[in-house]
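# Residue-level structural notes
If you want the building blocks of each chain, they are given just below.
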Amino acid sequence: MRSHRCGDLRASDGGRTAILCGWVDGRRDHGGVTFIDLRDTSGIIQVVFSSDVSARAHDAAQELRGEFCIKVTGEVRARRPGTVNDNLATGEIEVAAEELEVFSRSETPPFQIDDHQEIEESLRLKYRYLDLRRGRMQANLKLRHAIISAIRSFFDEEGFVEIETPMLTRATPEGARDYFVPSRVHPGSFYALPQSPQLFKQLFMVAGLDRYYQIVRCFRDEDLRADRQPDFTQLDLEMSFVEQEDVLEVAERMFKHVWREALSVELADFVRLTFAESMERFGSDKPDLRFGMEIKDLGPALSSTEVKIFRSVLDSGGAVKAIAVPGRGALARKDLDALVDEAKALGAGGLVWAGVTSEGLRSPLAKLFGDDERAGLVAAAEASEGDLILVVADHDPGVVHKTLGALRGRLAGRFGLIPERDRSDPEAWKFAWIVDFPWFEWDEAEKRWDPIHHPFTGMVEDTVQYLETDPGKVISKSYDITLNGWELASGSIRIHDRKMQERVFEALGISRDEAQAKFGFLLDALRFGPPPHGGIAPGIDRIVALAAGETNIREVIAYPKTQTAHDPLTGAPAPVTPDQLAALHLQTTHPPNPGPI
């Protein structure tokens with residue numbers, strides 16, 4: 001039907017006859033000549049309708065409007081001097097139309113199909129098929145394809161086998177709520193959509209399928225954020241006869257391969273931080289390493305202070321720490337008061353601020369410090385003249401780290417402190433491994449210890465002794481990959497000893513009968529010579545979003561949900577008929593909610 005794609009023609013094609021298909025991107029009438037910008041997935045080319053070339057085609061072109069789908073036949077020729085468009089790859093040439101066929105007409109779209117205006121998101125998602133005509137969206141989906149292709153080529157070369165796992169399975173605790181699917185043939189029973197293929201891939205290792213991977217859809221019924229969707233795509237992999245270093249080495253090489261193939265970027269070796277170091281320096285287990293503003297300990301500098309709010313915290317073994325915000329020492333008082341409120345909302349009891357000036361410290365507490373303390377505070381915070389020091393003190397160091405870490409990220413974005421770099425610059429990509437996570441975290445509301453990752457995670461041998469007596473001291477064999485403040489992947493070396501897995505279930509308050517009911521198929525498999533194994537599961541949507549320079553994964557998913565898990569395109573989720581419910585032996589106690597219109 002066509003001889004070329006619109007964006008593929010070049011000056012070297014001059015004199016050829018081209019048959020092109022696409023959509024009218026724009027129209028301009030200049031007297032007896034009509035210019036059409038014709039667009040397809042490869043790009044845009046200018047088409048000229050002139051009565052000198054074809055009066056019939058020229059007359060027919062007068063009816064063309066934006067988004068009409070058409071076919072054009074004509075000669076490729078160089079543009080006249082002075083009319084070259086350097087912004088288009090095809091900007092040196094145009095097609096002189098000899099024939100025109102209109103495949104279909106278009107009503108006026110609800111928004112303009114270009115990348116130059118902001119469009120309300122719900123409108124974009126309702127008409128997603130139009131939104132996907134825009135160059136930005138098509139580029140994102142093509143980048144997604146390139147990244148997935150690079151991932152597959154890497155693992156094929158490494159001897160991995162791609163194997164599919166079930167979409168209809170049973171509920172397992174993975175840290176989020178499950179989506180359930182009622183069974184018609186087993187009344188009262190439900191399948192669960194998988195939060196991940198975790199247990200299936202471990203069974204592959206028991207089966208002797210020593211290197212597995214899969215590009216897989218997963219489902220989690222959780223509140224949405226910029227980096228979360230109810231259904232998402234991840235790269236899942238598992239390896240046998242490996243230790244932690246083996247998994248980290250393969251995963252890091254995979255990311256370097258993907259960035260090289262998809263973005264033509266040679267990545268540096270990944271930084272490696274322990275969980276404790278990451279929290280102490282950046283207040284986060286997914287630190288953004290593109291800028292400084294590290295958390296600094298003011299304890300030694302204030303060891304002799306008599307300022308009550310600091311003295312009581314230091315005497316109790318708490319923490320007094322700070323970040324220095326470059327160039328913001330003269331921030332207005334109302335803005336500083338707003339920062340105090342922000343710190344309180346994050347869980348801190350308060351926030352002390354101090355601007356570094358040529359005369360000294362500008363702070364409500366400046367007069368309470370001696371000269372040596374003021375100088376020591378500035379030095380310990382690694383602040384310079386013109387900077388703003390933000391101090392948090394608390395008996396719980398975790399509160400200090402969490403508050404300063406959140407402020408660090410927010411203020412860097414708010415004040416433009418993250419260096420702007422082209423995506424082709426290796427310095428734009430700050431990957432980091434986070435290792436040595438605690439195995440357990442204390443749930444204050446439920447008064448119990450919960451796993452930070454999942455209950456199949458291995459433990460550092462020297463810390464297993466604390467499993468029953470002091471779970472907070474147990475260190476896991478888990479690891480995360482972070483990039484520019486986003487978590488890209490979590491993984492771990494798994495428990496492959498049945499008795500150890502049973503000990504873990506008991507430590508989590510899961511009885512033997514409950515463990516057998518929920519995980520009996522795994523426990524049974526661990527009786528038959530399971531190998532040491534481990535893996536990792538990077539999020540494809542997050543990888544593509546960062547690689548594309550987007551701040552929300554919805555921009556790299558063809559048909560995403562809104563923040564309320566609603567699909568404006570199809571209207572899902574939607575009520576079902578009483579007959580459909582009856583066939584599944586179900587009744588509802590809540591009136592149907594059709595969702596946003």
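Check the entry above for the structure.
Within each chain, residues carry numbers counting from 1 in the order of the written sequence. Local features in this predicted model are restricted to residues whose pLDDT is 70 or higher, and side-chain atom pairs enter the listing and the counts only when it is 80 or higher, whereas totals over whole chains, interfaces and linings include all residues. Hydrogen atoms and water are omitted, and side-chain values are computed over all heavy atoms in the structure.

### Considerations on the pairing of strand E2 (residues 33–40)
With respect to burial, E2 is a largely interior element, seven of its eight residues being buried. Both strand E1 (residues 17–30) and E2 contribute to a ladder of seven bridges, which runs antiparallel. Across the sheet, the residue bridging to Gly26 is Asp37, located in E2. For two strands to be treated as a pair, DSSP must find at least two bridges joining them. Under the scheme used here, helices are H or I runs from DSSP no shorter than 4 residues and strands are E runs no shorter than 2 residues, and both carry numbers assigned from the N terminus. Here E1 hands over to E2 after two residues, with Gly31 in that stretch at a positive phi of 65°. Sheet analysis places E2 next to strand E3 (residues 43–50), joined by eight bridges and oriented antiparallel. Paired with Arg39 across the strands is Ile44, a residue of E3. If you look at the hairpin formed by E2 and E3, you'll find two residues sitting between the two strands. For every residue, the accessible area (1.4 Å probe, protein chains only) is compared with the maximum for its type, and the residue is labelled buried under 20%, exposed over 50%, or partly exposed between those bounds.

### A short note on the sheet that holds strand E10 (residues 231–240)
What links the strands of a sheet is backbone hydrogen bonding, and the strands pair in either a parallel or an antiparallel sense. With mixed pairing, eight strands are arranged side by side in an open sheet as E6-E9-E10-E22-E21-E20-E17-E11. Edge positions in the open sheet fall to strand E6 (161–162) and strand E11 (271–274), since each of these has one partner strand only. Looking at chain direction, strand E21 (residues 486–493) and strand E22 (residues 533–538) are connected through five bridges and run antiparallel. Among the inter-strand pairings, Ile493 is bridged to a residue of E22, identified as Gly534.

### Focus: the sheet that holds strand E14 (residues 352–357)
Strands sit in the order E12-E13-E16-E14-E15 across an open sheet of five strands; the sheet is antiparallel. Unpaired on one side and paired on the other, strand E12 (296–297) and strand E15 (360–362) mark the two borders of the sheet. As judged from the three bridges shared by E14 and E15, these two strands associate in the antiparallel manner. Of the residues in E15, the one forming a bridge with Thr357 is Gly360. Residue contacts are counted whenever heavy atoms from the two residues lie within 4.5 Å of one another. Each axis is a line fitted through C-alpha atoms, taken for helices only over the stretch in contact, and angles between the N-to-C directions span 0 to 180 degrees. Along the sheet, helix H8 (residues 308–315) makes contact with strand E13 (319–325), E14 and strand E16 (388–394), crossing E16 at roughly 50°.

### Concerning the packing of aromatic side chains
Here the aromatic set is Phe, Tyr and Trp, taking the six-membered ring for Trp, and pairing holds for ring centres within 6.5 Å; pairs whose planes are under 30 degrees apart are stacked, those over 60 apart are edge-to-face, and all others are tilted. Applying the stated criterion to the full structure yields 22 aromatic pairs. Both rings, one in Phe270 and one in Trp433, keep their centres 6.4 Å apart while their planes meet at 40°; by these two values the pair is tilted. In this pair, Phe270 sits in the loop between helix H6 (244–263) and E11 while Trp433 sits in strand E17 (residues 431–435), placing the two residues 163 residues apart along the sequence. Ring centres 6.1 Å apart and planes at 10° place the aromatic pair Phe310 and Phe369 in the stacked group. Placement of the pair is Phe310 in helix H8 and Phe369 in the loop between E15 and helix H10 (371–380), with a sequence separation of 59 residues. One aromatic cluster in this structure is built from Phe255, Trp259, Phe270, Trp429, Phe431, Trp433 and Tyr479. Directly above the aromatic system of Phe291 lies the positively charged group of Arg408, at a separation of 4.0 Å from the ring centroid. Distance and angle both matter: a charge sits over a ring if NZ of Lys or CZ of Arg is within 6 Å of the ring centre and within 35 degrees of the ring normal.

### Considering a nonpolar patch on the surface
Exposure above 30% relative accessible area and the absence of a salt bridge qualify a residue for a patch, where like charges join within 9 Å and nonpolar side chains (Val, Leu, Ile, Met, Phe, Trp, Tyr) within 5 Å. In these tables, accessible area is a Shrake-Rupley quantity obtained with a 1.4 Å probe, and a residue counts as shielded only by the protein chains included in the view. Throughout this description, the term salt bridge denotes a Lys or Arg side-chain nitrogen within 4 Å of a carboxyl oxygen of Asp or Glu. A cluster of nonpolar side chains, contributed by Met167, Leu168 and Tyr191, occupies part of the molecular surface with about 240 Å² of accessible area. Tracing the backbone through its elements, the reader meets Met167 in the loop between E6 and strand E7 (180–182). Taking the relative accessible area as the measure of exposure, Met167 reaches 32% and is therefore partly exposed.

### Some points on the nonpolar core
Generally speaking, soluble globular proteins have nonpolar side chains that are buried together. Among the buried residues, those of types Ala, Val, Leu, Ile, Met, Phe, Trp, Tyr and Cys that are joined through side-chain atoms within 4.5 Å form a nonpolar core. Counting 49 residues, the largest nonpolar core has Phe155, Trp259, Phe431 and Ile481 as the members making the most contacts within it. Taken together, the elements giving at least two residues each to this core come down to helix H4 (135–157), strand E9 (211–219), E10, H6, E17, strand E20 (478–483), E21 and helix H14 (540–548). For this core, the element with the highest residue contribution is H6, accounting for nine residues. Sequence-distant contacts of Trp259, that is, excluding residues within four places in its chain, are made with Ser264, Val265, Leu267, Trp429, Phe431, Leu483, Ile543 and Ala547. Grouped together as the second largest cluster of nonpolar side chains are 25 residues, Ala319, Val325, Ala348 and Leu411 included.

### Quick notes on helix H13 (residues 512–525)
Expected helix span is computed as 1.5 Å times (number of residues minus one). With 14 residues, H13 extends just 16 Å between its outermost C-alpha atoms, more than 12% less than the 20 Å of an ideal straight helix rising 1.5 Å per residue. Axes are fitted to the seven residues ending at a residue and to the seven starting at it; the angle between these axes is taken as the bend at that residue. Of all the bends in H13, the greatest, near 95°, is centred on Phe519. Those residues of H13 not exposed but buried are Ala515, Phe519, Gly520, Leu522, Leu523 and Ala525. Where the residues of H13 are buried, they touch helix H5 (198–206) and helix H12 (498–507).

### A word on unusual backbone geometry
Residue Pro573 is reached from Ala572 by a cis peptide bond, and omega for that bond is -5°. Mapped onto the elements of the fold, Pro573 is located in the loop between H14 and helix H15 (578–583). Phi at Phe241 takes a positive value of approximately 55°, unusual for a residue other than glycine. Structurally, Phe241 is set in the loop between E10 and H6. For Phe241, a relative accessible area of 61% corresponds to the exposed category. Not every positive phi belongs to a glycine, and Asn484 is a case in point at roughly 50°.

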